[in-house]
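Structure at a glance
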Amino acid sequence: MTFSAPPRPTDDARVRAVLGPTNTGKTHLAIERMCGHSSGMMGFPLRLLAREVYDRVRAIKGDKQVALITGEERIEPPDARYFLCTAEAMPRTSGEHAFVALDEAQLGADPERGHIFTDRLLHARGREETMILGSATLEPLVKALIPRAEITSRPRFSTLSHAGVCKLSRLPKRSAVVAFSVEQVYAMAEALRRFRGGAAVVMGALSPETRNKQVAMFQSGEVDYIVATDAIGMGLNLDLDHVAFAALSKYDGRRKRRLTPSEMAQIAGRAGRHQRDGTFGTLSGTGKGDGEPLAFTDEEVYAIEEHRFAPLTHLFWREAEPRFDSLDTLIADLEARPADAVLRAAPEAIDLAVLKRLASDSLGASVRGAGNVRRFWEACSLPDFRNLGVEPHARFVARLWEDLRGGYLGADFVAARIAELDRMQGDIDTLQGRIAAIRSWAYICQRPDWVLARDEMAARARAVEAKLSDALHARLTERFVNRRTTLLMKSLGQDASALPVTLETDGHLTVEGESIGRLEGFRFHVDPDAGVADRRMLLAAGEKALPALLASRAEWLLSQGLGELEISRGAIRWQGRALAEIAFPGQPGAGHFGTPRLTLTRDLALLPETARADFEAGLAAWLEQQLEPLEPLRKLAEAARDPEAGSQARALVITLIEARGVISREDAGLEHLPKEMRPYLRKLGITFGALDIFAAPLLKPAPRRLLHALGLDPRPLNEAMLPVLAEGAWAKGRLPAGYRYAGTQAIRVDLAEKILRAAFDARSVVTAARPKERNPAFRLDLALAVSVGLEADNARRLLGSAGFRCDRARPLSEGAQGAPAPDRWHWRPRRPGERDDRRGERQHRQGGKPAARREQQDAKGKPQGKRKPPRNDRRDDRPRTAPKPDTGPARAGGAFDKLADLLKG
């Protein structure tokens, strides 16, 4: 293979090499020198750095005079005189601009991109001044390649010193953590989120816009930490005090190797800006895995602190102006070796690998002529933004060439490809993949002869990249930054009252938009996602602000929010939480049902004293209104204390209060009540029924619900107090209050009384018409019972519990005509002490024989004949003994029990 000698620059007398470590002001000097000339151009290793300098020069010279040229972006005003470029996009011309500078020129020793920087170092020249900026290790190569160049060394503005090993949890503020893999970057950022509130993330895989936003987040102080790859060492100007290495080795594309001291210094040198000193060190817990901590050697520490490194011995070179006669000629020129001793042939880059791969198949055979060969090489030079590798990237280039060799890419085709990537959904890796893909299309759209409607398509690609970068920045921030913790650590310190806490409409307490917890009712709950350390800060911040906030909330609740209050489980509740417990205390002889006592719960402990008293008074007034449905019970309580009522009547009233308004006759002790007292009790709303004694107003839905909500009647509740409950509407053995069994159904006791009263009325009519007959049979219409929802069989069972017996009429014989004969009813009062057989009732509900027809057995177990109906000489309508129903007095404790004790006394 022939050797090619690099062309020598025509005029090296105006070349000035400014060399030195980081933080020496080299870039700042070049910007000042360029702005002093009539025109200028600077080349940078990163699009991010080019953009940063572009913004600085534009602020000095104005928008119309400054241009930005990169592979994916081109902002070039017609009258532009100052050009900021990436090294790859930097024109290779000489003498067109008064000033030319190349930053980070030591990257000529980089195996991947070194030949680009070497070519610009050799050929990029300004008419009046040329500056080469780089590390001091570049000095011998500058002397060898540009003998007449003026070399200037600049000392570092600040001191860089070794700080040893540090735990991640004790990392000082304004620190950068450097890792060399995506996995390790994410792990470090996640750890910093847990320990210190979060970190910005900078990686080469991020789009420049995303990196800009992440760096801005760190620079503005929103976070105090940044996690980055070695991309941080390439000219990013950060306000860093400390650089911590999470690893000291990296994979360079061929093998995993330890960083060289100069590479370590390039990264560590980001610590300290201007006159502020910086430190560097390593992180504990990230060693070799054998217990040995990660650490610099003494030689490496000395080299970094003193900026003494082995000089570079060579730069990589590749022919920058190959011949395009054929693909073979092109490949031969690109693989040619330089004749200069300090230059070496660049390793095979991906553009050359793709060219050789495509040239070897049928696609390469169709590329003929210098124009097509040049165009084909430009297609192969498309950067592999997606890091796919040679084969996948070669297939993408081949597909691109299929369209390009016929002319231009159609605008509709390019627009469709851009639109496919215009989606903001997905995780971090998905968005990174889309950004890499859109960068490829942005590069394609920047080519002058590849795309129709080039400017429009380039603008679309940049817009999509900006949107994707914003979405990626948001994902990174969401995942790796706990803004609340960062804010607390920055603003709170030791003074919890310093935070501006705001109560949002949804109950969240926020500090500058970040939630620190939530108010549920009047109880503050720290955000459940907060860590252990954060919880103390959040609780302190919340409790300092709560008294005023709770007072405001209490005032609003009494003025506008009373409709949201409810009584439940013996307390006044709001939003499901108890505000005040309700009790009806009293001493013997002084108790009064109408004056409940409120006990505010611990949720209101932080309420100021004045606001607390006003709130308690407001709740008491509201409760008084809510207790109006229990006015009948209040009247009973007043009668129970009336000495003129008589002891027997007072005893019955107390028993009725204990039973919450319903009691069976046999438990009422009516044998002790004089008949002349019944009118007095009826005026109080008490009904003396055939089976039950009850206060009818207390059987309405409102008082029943209120009794249940107050916790005074723990029995099951039927919210609507329906007339009849179907079988299965209540739990076994848990009949709702105010009902009694009626066969397989249950009926409200006041409606049961109406049905029974109708039966007695029907019997009395027959008895009055036939006074000489003993217990005459009568007819009974069950229409009333059926109309309220009671089944006919269950109505008969209800009547049977009051002593009515039905003789069913025989059905018409087959073929007979006419109306069937009506049932005949008799009434047999129960003897004293006779009670319902519950087992018989259950047997009846389960399909067995009715209790009234079951054979009774004597003491020896022998069955006896059916018992004959007893003589009934009495003519009054009152049953002798009522059956024992399931709706006896409630046995719950509470305010009424205390009241009963009071009244009995």
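Further up the page is the structure itself.
Figured I'd write up the structure that's included with this text. Values in this document were obtained by computation on a predicted structure and should not be read as measured data. (Residues numbered from 1 in each chain as written. Predicted model: local features only at pLDDT ≥ 70, side-chain atom pairs only at ≥ 80, totals over all residues. Heavy atoms only, no water.)

Remarks on the overall build of the protein
Looking only at helices and strands, the protein has 29 helices and 36 strands in total. Going through the 905 residues of the protein one by one, you find that 49% of them count as buried. Accessible surface, the protein: about 42,600 Å² in total, of which carbon and sulfur atoms supply 49%. (Helix = DSSP H or I, 4+ residues; strand = E, 2+ residues; numbered from the N terminus. Buried < 20%, exposed > 50% of the residue type's maximum accessible area, 1.4 Å probe, protein only. Areas by Shrake-Rupley, 256 points an atom, 1.4 Å probe, with all protein chains shown as cover.)

Observations regarding the sheet that holds strand β12 (residues 200-202)
Strand order across the open sheet formed by six strands is β10-β17-β14-β11-β13-β12, with parallel pairing between neighbours. A strand with exactly one partner marks an edge of an open sheet, and here the two such strands are β10 (160-166) and β12. Strand-to-strand twist of the sheet, defined as the mean angle between neighbouring strand axes without regard to direction, takes the value 25 degrees. Pairing of strand β11 (residues 175-178) with strand β14 (residues 242-245) involves four bridges; the strand directions are parallel. Looking across to β14, one finds that Ala176 is bridged to Val243. Relative to the sheet, helix α5 (residues 182-196) contacts β11, β12, β13 (225-228) and β17 (278-283), its axis offset from that of β13 by approximately 165 degrees. (Pairing = 2+ DSSP bridges. Axes fitted to C-alpha atoms, helices over the stretch in contact; angles between N-to-C directions. Contact = heavy atoms within 4.5 Å.)

Here's the deal with the pattern of salt bridges
Within the structure shown, the criterion is met by 44 salt bridges. For Asp63, the salt bridge is made with Arg58, and the minimal N-O distance between the two is 3.5 Å. Residue classification places Arg58 among the partly exposed positions, given a relative accessible area of 27%. Here Glu624 ties to Arg634 by a salt bridge, and the two come within 3.5 Å at their closest N and O atoms. Note that Glu624 is positioned in helix α19 (residues 609-626) and Arg634 in helix α20 (residues 631-640), a separation of 10 residues in sequence. (Salt bridge = Lys/Arg side-chain N within 4 Å of Asp/Glu carboxyl O.)

Topic: the nonpolar core
If you look at the biggest cluster of nonpolar residues, it comprises 72 residues, and the most contacted ones within it are Leu171, Val177, Leu355, Leu358, Phe376 and Ile444. The leading source of residues in this core is helix α15 (residues 428-446), at 11 residues. Apart from the residues lying within four places of it in its own chain, the contact partners of Leu171 are Cys166, Val177, Leu192, Arg196, Tyr225, His242, Ala244 and Leu283. In this structure, Ile582, Ala649, Ile693 and Ala695 belong to the second largest nonpolar core, which totals 55 residues. (Core = buried A, V, L, I, M, F, W, Y, C linked by side-chain atoms within 4.5 Å.)

A few points about the side chain of Arg796
Tracing the backbone through its elements, the reader meets Arg796 in helix α27 (residues 792-801). Those residues in contact with Arg796, other than ones at most four positions away along the chain, are Leu782, Cys806, Arg808, Asp823 and Trp825.

Side note on the packing of aromatic side chains
The final tally for this structure, using the stated rule, is 14 aromatic pairs. When the centroid spacing of 6.1 Å and the interplanar angle of 70 degrees are considered together, the rings of Phe413 and Trp441 count as edge-to-face. You can see Phe413 sitting in helix α14 (residues 411-420) and its partner Trp441 sitting in helix α15, a full 28 residues away along the chain. An angle of 85 degrees between the planes, with centres 6.1 Å apart, marks the rings of Phe778 and Phe804 as edge-to-face. Pair noted here: Phe778 is in the loop between α25 (749-769) and α26 (783-787) and Phe804 is in strand β35 (residues 804-807), with a separation of 26 residues, a long-range link. Comparing Phe778 with Phe804 shows no difference in burial state: the two are buried. (Phe/Tyr/Trp six-rings, centres within 6.5 Å; stacked < 30°, edge-to-face > 60°.)

A word on the side chain of Lys250
With respect to the helices and strands, the residue Lys250 is situated in strand β15 (residues 249-251). For Lys250, a relative accessible area of 18% translates into the label buried. In this structure the side chain of Lys250 is engaged in a polar contact, spanning 2.9 Å, whose partner is the side chain of Asp230. With residues up to four places along the chain from it excluded, the contact list for Lys250 reads Phe180, Asp230, Arg255, Lys256, Arg257, Leu259 and Glu263. (Polar contact = N/O pair within 3.5 Å; in protein donor to acceptor, adjacent residues only side chain to side chain.)

Notes on α27
Burial of α27 is extensive: seven of the 10 residues sit out of reach of the surface. By the burial criterion, the buried members of α27 are Asn794, Ala795, Arg796, Leu798, Leu799, Gly800 and Ser801. Backbone geometry just downstream of α27 places Gly803 in the positive-phi region, at approximately 100 degrees.

Looking at the packing of helix α6 (residues 208-219) against helix α16 (residues 454-480)
Axis separation between α6 and α16 bottoms out at 8 Å; the angle between their running directions is 40 degrees. Classified by the interaxial angle, the pair formed by α6 and α16 is oblique. Where α6 crosses over α16, the two elements pack in a sense that is right-handed. Here Pro208, Glu209, Thr210, Lys213, Gln214 and Met217 of α6 come into contact with α16, specifically with Glu465, Ser469, Asp470, Leu472, His473, Leu476 and Thr477. Taken together, the residues that form the contact of α6 with α16 break down as four nonpolar, five polar and four charged. (Parallel < 35°, antiparallel > 145°, perpendicular 65-115°, else oblique. Left-handed = near helix turned anticlockwise from the far one by under 90°. Nonpolar A, V, L, I, M, F, W, Y, C, P; charged D, E, K, R; others polar.)

A few points about the environment of Lys64
Tracing the backbone through its elements, the reader meets Lys64 in the loop between α2 (47-61) and β4 (66-69). As a C-alpha pair, Lys64 and Glu76 span 12 residues in sequence and 8.5 Å in three-dimensional space. Residue contacts for Lys64: discarding those within four places in its chain leaves Pro77, Asp79 and Ala80.

Looking at the packing of helix α7 (residues 261-268) against helix α8 (residues 298-306)
At a minimum axis distance of 9 Å, the contact between α7 and α8 shows a crossing angle of 50 degrees. In this view, α7 runs oblique relative to α8, as classed from their interaxial angle. By crossing handedness, the relation of α7 to α8 is classed as right-handed. Where α7 abuts α8, its residues Pro261, Met264, Ala265 and Ala268 lie against Glu300, Ala303 and Ile304. Split into classes, the residues belonging to the contact of α7 with α8 amount to six nonpolar, no polar and one charged.

Some thoughts on the sheet that holds strand β28 (residues 597-600)
Read from one edge to the other, the open sheet built from four strands follows the order β25-β26-β27-β28, with strand pairing classed as antiparallel. Of all the strands in the sheet, just β25 (565-568) and β28 have a single pairing partner and so form its edges. Averaged over neighbouring strand pairs, the angle between their axes works out to 30 degrees when direction is ignored. Sheet topology places β25 next to strand β26 (residues 571-574); four bridges connect them, and they run antiparallel. Its bridge partner lying in β26, Leu565 is registered against Trp574. Running over the sheet, α19 touches β25, β26, β27 (577-583) and β28 and is turned about 135 degrees from β28.

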